[in-house]
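# Inside the fold
The chain contents come next:
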Amino acid sequence: MRNYLSDGAADGTENGIRNNSKKNHTTSSRRTSRRLPIRITVPVLFSFSQLWDGFCCQSRSRGGTKNVGGNINRKKRYMTLDERIQEEWKKADVDEDGSLNITEMRSMLQRLNISIPVSRISTWMLKPYDTDGNGLLDFNEFRVMFKSIHSIPDLRQQFLVAKYKYKYLNDSHSLPLYRYQVDVLMLNPTDLVWFFEYASNGHDKKSEEDCKRLIKQYMISNYNDSNGNATELKDKDGVNGVTERIGAPQDLDLLQESESKTEPEYLMSYEGFVLMMSNPADNDIGDPKYLKHIFQEMCKPLSHYFISSSHNSYLLGNQLVSSSSPDAIKNALLRGVRVIELDSYNGSNGRPNVTHGNTACGTITFEQCILAIEKYAFETTEYPCIITIENHCSREQQKVQVEIMEAILGEDMLRWDGVPNINADVEAMSENSLREFGMQEWMSPEDLKRKYIIRDKVYKRVTKDDRRKRAQKLKEIKNEESEDKSSVDDGLSGGTTTTNTMVQTPEEPKSPNEASTTRDNRNGSTDSDDTSDDNNDTDDNDSAEKPNKNNLHGVCKELLRLIYIKNVSLPLHITNENNRGGPERVEFHEPPYVCSSSINEDKMLKITKSGNSIAATNSYSIRHLIRVYPSGKRVDSSNYDPIPAWNSGCQIVALNYQTFSMPVWLNHGKFLYNGGCGYVLKPSAMTSAVRIGMRKKASADGGLEFKDNNNSSDVPHRNVFKKKFGDSFKGIVPELGHLPWDPYDLNRFQEQRRVFSITIISGHYLLKTNKSVSRPLVQVALHGISADCKSFETKQAKQGFKASWSESFTFTTHFTELALLSFVVRNESSTGAVAGQKVIPLDAVRPGYRVIPLLSEDCTPLDHSFLFCHFQWLSK
């Protein structure tokens, strides 16, 4: 391996990556990479003395940085009460004199995002907690004070509903009067079974055994009172529990029922109930069977999956002057990204580099990128890592690329072994054969586990400079041949033969897709000029010329054998009906093998309009991969909305992971689904839809014949769909999966229409984004097909330490399989600083009272910041 690696990277370790990239990093990027340490954490079980463990813990890593390293996908660890008290004491005791004065207390409360007027801090602090009356709090006094300011949801009403079920469910006047009873009541397994089903409108049905397990897990004391009254609780240090016990009132008949028949070990107190309901390990809004486990079938062709993807994966910042770093690739992979993009250019030392061409962005070596990919590609998932190369290297340095990848990635790199149905000697296959032949069907993610897949062009564009060099080379070769021939003739005849040595550059043949495009221009227009990832428009869909054996800058045979995903021009034809300014029609030519194409966001929006356009795009994506990338105008590394691309069937929606806003949050949330493996199976309604707008072969007059996959002519509603999709569609079958795909047509989704409500009840330990105490609000939105998209916003809360809203919102969804539910907490206003966010697939949401653990802007977990909500399906 050392033969192929530069100094400092031969060991293939992270140190090697850092040593290689040190001279390419700026000072600011080095500071950023050290800002957050890597922490190894483990979950712990709760006890009553740890009531505060998950709820009184202010975030230790607020906000996050671009190089978050081990904080991505890390497991949370809840500090014990003593650990938290010690930590806050050290922060609060600024002068280290062993006591807290008014000024230090005020600073601590602001840091914790607790809103208490300055004029009242002295009274609030000294009366209940300053036991020696000296105007200061020592450590023991501080400890008692700190235990009283916990932030947990107020669930007394829910607790009483669970206890008395329907008896006081609709009595808004009586139920609050008995809230103090929670300190003397217990829930048995039967109560919990009923409550879970009631709170989820029948969706969360737990068995008594499940509830017994939960009661045991959150048991905080032994109960010796045969009447079911709670004995006084003590924490592990012998200090009385924070909630003061109240004796059973004598004038209420509500407490006359006895729980003596229930085994004492299966009784849950109010504190245990709060712990259970507020613990994301058991009560996360996301269903673990969808988010923690791979449950979808992984044996479908690759084109049947949405794949998490990043754009210009090596950049740390903007697209013009930012640094390039292996850390950027590392962070993307640790966030579950499965498609890494590298722009590779010739290096001055004969070894390829990676940079953003024609900009002032930093440069790193190709091998540094491959080392980072090898180290982190399978940290979060075993499913294949796709390396898409925008290759500007010469043949010589392409061979070096191959040597580097083979040395570092080894046997885990997928190699192209020719067409399965052709008995050919791979070694003897020519370059043209390797280009012309391809797979008739993709392998599945399961087949490709722990494999590195190369995606690159098989036809490389020849520039004017390349043409000039090639013509000069051909001229030299021709001159040499002429001189040799003249010498032979002179030797034979003794005379001189004059030879015309003028050489014209031969016209090169075009790729199959481009040839069909040229013919098609007679009847319409073909867009193939705006698909470059670079600003100089030299990527996938430029009119690529097919190199011949004399082309010095084509794709070398060694690299062709590694390219499993062949990147070709999108065989797209856009025309106006009757050529009279009517509605545009989108049609695709069927390539001879499965392949991949890239389009930018503008082209994507153009070909994903309602009707024929989006149906044809989805039809093409059933067999072939479509990659969408940001417009070249997004030099600030901003992002486009990925929802329209997913709705049209595009599998690889590449986003700039250099900046974090709603598009990246949506991508992160979408790919939490299916165990976070980076591959999400497309809805069957998309992959089994009737294929329209596909042209397969040239006709006699030079046009292209339509490939019609539905020959039924006597199906109901034929005229309706003929008008919408054109004469090429012969008929329909009523089932959703047997229609052309069109997410804009609500008629086909009426049977799947569902209504749900969500109540944002409270927020806890919300991130403070400025010096003063924040006043947060929550934005709730549904993203999916156009008819589903809707958003709401709560009012501002008074403080972020324990925010209260209790506001309900109702949504209607027509297609849950493409729907995402987002929560964004902002401070002060609708455009204020982000205090936390969470996106979750709607299909993975669990009904009932749930915890929403919040993430920072860069999708790293915020320690103990969460929302508490109630989600309920109102219709099935």
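Procedures and definitions
- Residues numbered from 1 in each chain as written.
- Predicted model: local features only at pLDDT ≥ 70, side-chain atom pairs only at ≥ 80, totals over all residues.
- Heavy atoms only, no water.
- Helix = DSSP H or I, 4+ residues; strand = E, 2+ residues; numbered from the N terminus.
- Buried < 20%, exposed > 50% of the residue type's maximum accessible area, 1.4 Å probe, protein only.
- Contact = heavy atoms within 4.5 Å.
- Areas by Shrake-Rupley, 256 points an atom, 1.4 Å probe, with all protein chains shown as cover.
- Phe/Tyr/Trp six-rings, centres within 6.5 Å; stacked < 30°, edge-to-face > 60°.
- Lys NZ or Arg CZ within 6 Å of the ring centre and 35° of its normal.
- pLDDT = per-residue confidence, 0-100.
- Patch = residues over 30% accessible without salt bridge, like charges linked within 9 Å, V, L, I, M, F, W, Y side chains within 5 Å.
- Salt bridge = Lys/Arg side-chain N within 4 Å of Asp/Glu carboxyl O.
- Lys, Arg positive; Asp, Glu negative; His and termini not counted.
- Charge placed at Lys NZ, Arg CZ, Asp CG, Glu CD.
- Arc of directions from axis to C-beta.
- Polar contact = N/O pair within 3.5 Å; in protein donor to acceptor, adjacent residues only side chain to side chain.

### Side note on the overall build of the protein chain
Along its length, the protein chain carries 25 helices and 23 strands. By the burial criterion, 57% of the 876 residues in the protein chain qualify as buried. Contacts in the protein chain between residues far apart in sequence, at least 24 positions, make up 74% of those at least 6 positions apart. Summing over all exposed atoms, the protein chain offers an accessible surface of approximately 36900 Å²; the carbon and sulfur share of this is 47%.

### With respect to the environment of Met-686
Its location among the elements puts Met-686 in helix H24 (residues 684-687). Taking relative accessible area as the criterion, Met-686 reaches 0% and is therefore assigned buried. Between the C-alpha atoms of Met-686 and Ser-619, which are 67 residues apart in sequence, the distance is 8.2 Å. In this view, Met-686 contacts Phe-306, Asn-618, Ile-622, Trp-646, Asn-647, Ser-648, Gly-649, Trp-741 and Leu-818; residues no more than four positions away in its chain are not counted.

### Brief notes about the environment of Ser-829
If you trace the backbone, Ser-829 turns up in the loop between strand S20 (820-827) and strand S21 (834-841). Considering only alpha carbons, one finds Ser-829 and Leu-777, 52 residues apart in sequence, at a separation of 7.3 Å. Setting aside residues up to four positions removed in sequence, Ser-829 forms contacts with Leu-777 and Gln-796.

### Focus: the packing of aromatic side chains
This model, assessed by the stated rule, comprises 29 aromatic pairs. Between Trp-194 and Tyr-198, the aromatic rings sit 5.0 Å apart at their centres with planes inclined by 5 degrees, giving stacked as the arrangement. With Trp-194 and Tyr-198 both in helix H8 (residues 189-199), this residue pair falls four residues apart, about one helical turn. An angle of 15 degrees between the planes, with centres 6.4 Å apart, marks the rings of Tyr-849 and Phe-868 as stacked. One end of the pair, Tyr-849, is in strand S22 (residues 848-855); the other, Phe-868, is in strand S23 (residues 861-873), and 19 residues separate them in sequence. For the pair Tyr-849 and Phe-868, a shared accessibility class is recorded, and that class is buried. Taking NZ or CZ as reference, Lys-670 lies 4.6 Å from the ring centre of Phe-306, over its face. Above the plane of the ring of Trp-873 lies Arg-754, whose end atom (NZ or CZ) is 3.8 Å from the centre.

### Focus on unusual backbone geometry
A positive phi angle, close to 60 degrees, is found at Asn-358, a residue other than glycine. Mapping Asn-358 onto the fold places it in the loop between strand S3 (353-354) and strand S4 (364-365).

### Observations concerning the confidence of the model for the protein chain
Across the protein chain, the average pLDDT comes to 75, with 65% of residues at or above 70. Note that residues 1-66 has pLDDT below 50 and, in this model, 163 contacts with residues that lie over four places away or in other chains. Taken together, the stretch residues 419-424 has pLDDT below 50 and engages in five contacts with residues farther than four places along the chain or on a different chain.

### Details of a negative patch on the surface
A cluster of acidic residues, Glu-374, Glu-403, Glu-406, Glu-411, Asp-412 and Glu-558, forms a negative patch on the protein surface. Taking relative accessible area as the criterion, Glu-411 reaches 65% and is therefore assigned exposed.

### Things to note about helix H9 (residues 208-217)
Among the residues making up H9, those that are buried are Cys-211, Lys-212, Leu-214 and Ile-215. Within H9, the buried residues cover an arc of 160 degrees as seen down the axis, which keeps them to one side. Seen from the buried face of H9, the exposed residues on the opposite side, beyond 90 degrees, are Glu-209 and Lys-216. In this structure, the buried side of H9 is in contact with H8, helix H10 (270-278) and helix H11 (280-283).

### Brief notes about the side chain of Thr-794
Note on placement: Thr-794 falls in the loop between strand S18 (790-793) and strand S19 (802-813). There is a polar contact of 2.8 Å between the side chain of Thr-794 and the backbone nitrogen of Val-778. One polar contact links Thr-794 to Trp-805, side chain to side chain, over a distance of 3.5 Å. In contact with Thr-794, not counting residues within four places along its chain, are Ile-760, Leu-777, Val-778, Trp-805, Glu-807 and Phe-809.

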